[in-house]
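# Overview (structure and organization)
The lines below spell out each chain.
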Amino acid sequence: MWEEKKNQLYRSFEFKDFKEAFAFMTKVALIAEKMDHHPNWTNVYNKVEIYLNTHDAGDVITDKDHKLAKAIDGLL
Ligand SMILES: C[C@H](O)[C@H](O)[C@H]1CNC2=NC(N)=NC(=O)C2=N1
């Protein structure tokens, strides 16, 4: 589940291996590009951590972040 941490929505995802993690990231990237709203994220092997906020609004959580989080959850 997404947590609110320091003005960011945060969620961690774990996959079977790097291939699965990167496939997920590719899908997220396509959605992000379509929404013109892009994640801050890290990937180490099978783990992906995503931090969402809106830099245009001064690095706070906005409706755009909640929408992107929901769309990402829809991929799982
Ligand atoms: C010009 C462009 O539309 C903006 O910079 C968009 C792009 N993607 C973005 N992504 C995020 N996370 N926050 C933004 O404020 C944002 N702004």
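Up top is the structure.
A few points on the structure.

Cut-offs applied
- Residues numbered from 1 in each chain as written.
- Predicted model: local features only at pLDDT ≥ 70, side-chain atom pairs only at ≥ 80, totals over all residues.
- Heavy atoms only, no water.
- Near = heavy atom within 4 Å.
- Polar contact = N/O pair within 3.5 Å; in protein donor to acceptor, adjacent residues only side chain to side chain.
- Areas by Shrake-Rupley, 256 points an atom, 1.4 Å probe, with all protein chains shown as cover.
- Nonpolar A, V, L, I, M, F, W, Y, C, P; charged D, E, K, R; others polar.

The environment of the ligand is made up of Asp36, His37, His38, Asn53, Thr54, His55 and Asp56. In the environment of the ligand, a nitrogen atom lies 2.9 Å from a nitrogen or oxygen atom belonging to the backbone of asparagine 53. The separation between an oxygen atom of the ligand and a polar main-chain atom of aspartate 56 is 2.8 Å. Isolated, the ligand exposes 390 Å² of accessible area, and the fraction of that covered by the protein chains is 70%. Taken together, the residues that form the shell around the ligand break down as no nonpolar, five polar and two charged.

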